[in-house]
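# A structural walkthrough
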Protein chains: 2
Amino acid sequence: MKLIRKPLATAFLFLGVFFGLGFIPSAQNTTLDPLPSWNEGASKKAITDFVARVTKDGGSDFVPVDQRIATFDNDGTLWVEQPIYTQFVFLLDRVKSLAPQHPEWKTTQPFAAALSGDVKALAASGEVGLVKLFMATHAGMSTEEFPSIAENWLATARHPRFNRPFTECVYQPMLELLAYLRANGFKTYIVSGGGVDFMRVFSERVYGVPPEQVIGSSLKTKFEIRDGKPIITRLAEVDSIDDGPGKPTNIDKYLGRRPIASFGNSDGDLPMLEWTAGGPGPRFMLLVHHTDANREYAYDRKSPVGTLNKAWDEAVAKGWTVVDMKHDWKQIFPN
Amino acid sequence: MKLIRKPLATAFLFLGVFFGLGFIPSAQNTTLDPLPSWNEGASKKAITDFVARVTKDGGSDFVPVDQRIATFDNDGTLWVEQPIYTQFVFLLDRVKSLAPQHPEWKTTQPFAAALSGDVKALAASGEVGLVKLFMATHAGMSTEEFPSIAENWLATARHPRFNRPFTECVYQPMLELLAYLRANGFKTYIVSGGGVDFMRVFSERVYGVPPEQVIGSSLKTKFEIRDGKPIITRLAEVDSIDDGPGKPTNIDKYLGRRPIASFGNSDGDLPMLEWTAGGPGPRFMLLVHHTDANREYAYDRKSPVGTLNKAWDEAVAKGWTVVDMKHDWKQIFPN
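First, a word on what this report is: a plain description of the structure on this page.

Analysis parameters
Residues numbered from 1 in each chain as written. Chains lettered and ligands numbered in written order. Predicted model: local features only at pLDDT ≥ 70, side-chain atom pairs only at ≥ 80, totals over all residues. Heavy atoms only, no water. Phe/Tyr/Trp six-rings, centres within 6.5 Å; stacked < 30°, edge-to-face > 60°. Helix = DSSP H or I, 4+ residues; strand = E, 2+ residues; numbered from the N terminus. Buried < 20%, exposed > 50% of the residue type's maximum accessible area, 1.4 Å probe, protein only. Lys NZ or Arg CZ within 6 Å of the ring centre and 35° of its normal. Contact = heavy atoms within 4.5 Å. Buried area = accessible area lost by both parts, 1.4 Å probe. Salt bridge = Lys/Arg side-chain N within 4 Å of Asp/Glu carboxyl O. Nonpolar A, V, L, I, M, F, W, Y, C, P; charged D, E, K, R; others polar. Axes fitted to C-alpha atoms, helices over the stretch in contact; angles between N-to-C directions. Parallel < 35°, antiparallel > 145°, perpendicular 65-115°, else oblique. Least-squares fit on C-alpha atoms with pLDDT ≥ 70 in both.

Our next topic: the packing of aromatic side chains. All names here are of chain B. Inspection of every chain in the model, using the stated rule, returns 37 aromatic pairs over all chains. Each ring, one from F72 and one from F263, has its centre 4.2 Å from the other, and the planes form 10°; the classification is stacked. Linking F72 in strand β1 (residues 69–72) with F263 in strand β5 (residues 261–264), this pair joins segments that are 191 residues apart in sequence. With respect to class, F72 is no different from F263; both count as buried. Between the aromatic rings of F90 and W153, the centroid separation amounts to 5.4 Å while the plane-to-plane angle is 70°, which identifies the pairing as edge-to-face. Of this pair, F90 sits in helix α3 (residues 86–98) while W153 is found in helix α7 (residues 145–156), placing the two residues 63 residues apart along the sequence. In this pair, the class of F90 matches that of W153, namely buried. Here the basic side chain of R234 rests over the ring of F146, its NZ or CZ set 4.1 Å away from the ring centre.

This is the structure we're talking about:
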């Protein structure tokens, strides 16, 4: 379509943008590339082919807009998860800032280890230790207090290697992919093992994903009227771990719909991708493989953070898209 | 605005409708009544005044579109809940249709009581009995099997008094209210004690509320790969009771936002309305008071189904809107 020759098409393009409806001629028909940070190749082609198929009105693979649900893991899929999950850095910083109110932490594990940065002792405290740290730093406050704590931290903390805010250690190609899908009528969701309230603080600003489209791990909460004021308090009790099989069950619980496209990077995302793949009609499953030690990190089967092992094998066996970060991505982070 | 004199305005109205954006001149400016089944009076005026205030660009009470969240109870607020909750009728019918596979039910309570319609014995089995019946009829199947069971039942079952499908025992004034709020940029949610999967079967068709905007009581589920196929099974274990304090905590968990408007009809909705009222800026809380024994039902403080007692007192004390069904509603059900 040559827009210059078609004033009517131009008018419709304008209206489409104006009404925010993504009523924009699809990438196939214009010279505008919706995924400029993706190198040409099989991964990019698989994405644009899928979108073209499901949006082609009257085509055999057409999917109505209300069923265009896409779910994205966060850590390692939308932002950096190495050398350790961002929320764990937040947790350690939070232990430090709360320590003056807890003199006993100096001599109690796992707090002492967290305070002195003793990684070995921290690891030795295991999952039980981690849960203790999590509850001490994330529970016991109102649901309205937590976001400002997380926001303040995100505003000042820096990634140790890239020396930029964690919210800028997001992948430019994935930001483009999120926007591209939304422009094509998709509703984009985050479905991550991270704490739901932590992610909701920045999801809209950074990813364009509103809080009600973020699913994550959660604590139980309690509603009460305190001094005449309704308050919801975060309890020191796990409600849901949104990882592994918890991802598809939470998707089913929160949405009551099965996604037609899912994006992950590790074995924790495998059940979500399997669940997505198991539905009828066109399906799209993608894994980000971290292969770029120079620009980001290279890790897969043996990495304790973001293990990509079984999911990789299944992706290869089933022909899912595996992004080779080093070769598929022109640029890693936003400018 | 006189549309006939303004071809441009007509064009924009057309485009607004065409693009499904609710880009329609607001009710204040035209002779079109968005709430034709509401009699003129304090309730109707409170609704339209609130909507005018929060949508007035540049006004002191303006609320951005993404924060216009409205939550609705279902039973007794959007559809009839007397003489007993619709889902309970479904449950009893389901016990009957499953009975041939369970000969032992003839002599086991609460199943025998359910089969013979022995209300007294049913009541005597209490909450424990109810949970047993619920699990026997709602659990143990895949999440994909349940909707068709519920759908088939809804297609044939009739309300005992009104002799019409339960999905037509919905309140016309509330359907108009849902549509009116959406036309003004609100995102409408159902937040009900009813089973989330039961409501999701008809919420979009009947209320225009998509499944992902329905919050309800839920069972725990389990994800597994069975014969190479991913499957989610409904377990006989309660996940969440979305009633009373469960409403605000679920709203917080699912949305991460506080509604600015809430609609209910019973004490089970009070915490949701209190939570809504407790936020900053303009707020709207409404209770439907069933006062119309002729056209529907009249009940409040002493009704075991849909008790309206504490919530009524609080509504009066705080100046919330209490709809007097008999006087405020011109019409109860859709034609």
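We now examine the interface of chain B and chain A. Contact residues are listed per partner, giving 39 residues for chain B and 39 residues for chain A. Taken over both partners, the interface formed by chain B and chain A buries close to 3,500 Å², and the fraction arising from carbon and sulfur atoms is 58%. Put simply, chain B and chain A have 10 salt bridges between them. Residue assignment for the side of chain B that touches chain A shows that the elements contributing at least two residues are β2 (187–195), β3 (214–226), β4 (229–240), α11 (246–255) and α12 (270–277) of chain B. Per-element accounting of the side of chain B that touches chain A gives the leading share, six residues, to α11 of chain B. For the side of chain B that touches chain A, the class distribution of residues is 18 nonpolar, seven polar and 14 charged.

Before going further, it helps to examine the side chain of S218 of chain B. Locating S218 of chain B in the fold gives a position in strand β3. The contact partners of S218 of chain B, leaving out residues within four places of it in the chain, are K253 of chain A together with V196, V238, D239 and S240 of chain B.

Our next topic: the packing of α3 of chain B against α7 of chain B. All names here are of chain B. The contact between α3 and α7 brings their axes to 11 Å, and the two run at 100°. Regarding the angle of α3 to α7, the classification is roughly perpendicular. For the pair α3 and α7, the contacting residues are T86, V89, F90, D93 and R94 in the first and F146, I149, A150 and W153 in the second. Looking at side-chain class alone, the contact of α3 with α7 contains six nonpolar, one polar and two charged residues.

Time to look at the packing of helix α11 (residues 246–255) of chain A against helix α12 (residues 270–277) of chain A. Residue and element names in this part refer to chain A. With their axes 6 Å apart at the nearest point, α11 and α12 run at an angle of 55° to one another. Taken together, α11 and α12 sit at an angle that is classed as oblique. Contacts from K247, P248 and I251 of α11 reach α12 at P271, M272 and W275. Of the residues contributing to the contact of α11 with α12, the split by class is five nonpolar, no polar and one charged.

Rotating chain B by 180° and translating it 0.0 Å along the rotation axis places it on chain A, where the RMSD comes to 0.0 Å. Accordingly, the operation relating the two chain copies is best matched by a two-fold axis. Minimal C-alpha separation from the rotation axis in chain B is found for Y254 of chain B, amounting to 3.4 Å.

So far we have only geometry, and geometry alone does not tell us how the molecule works.
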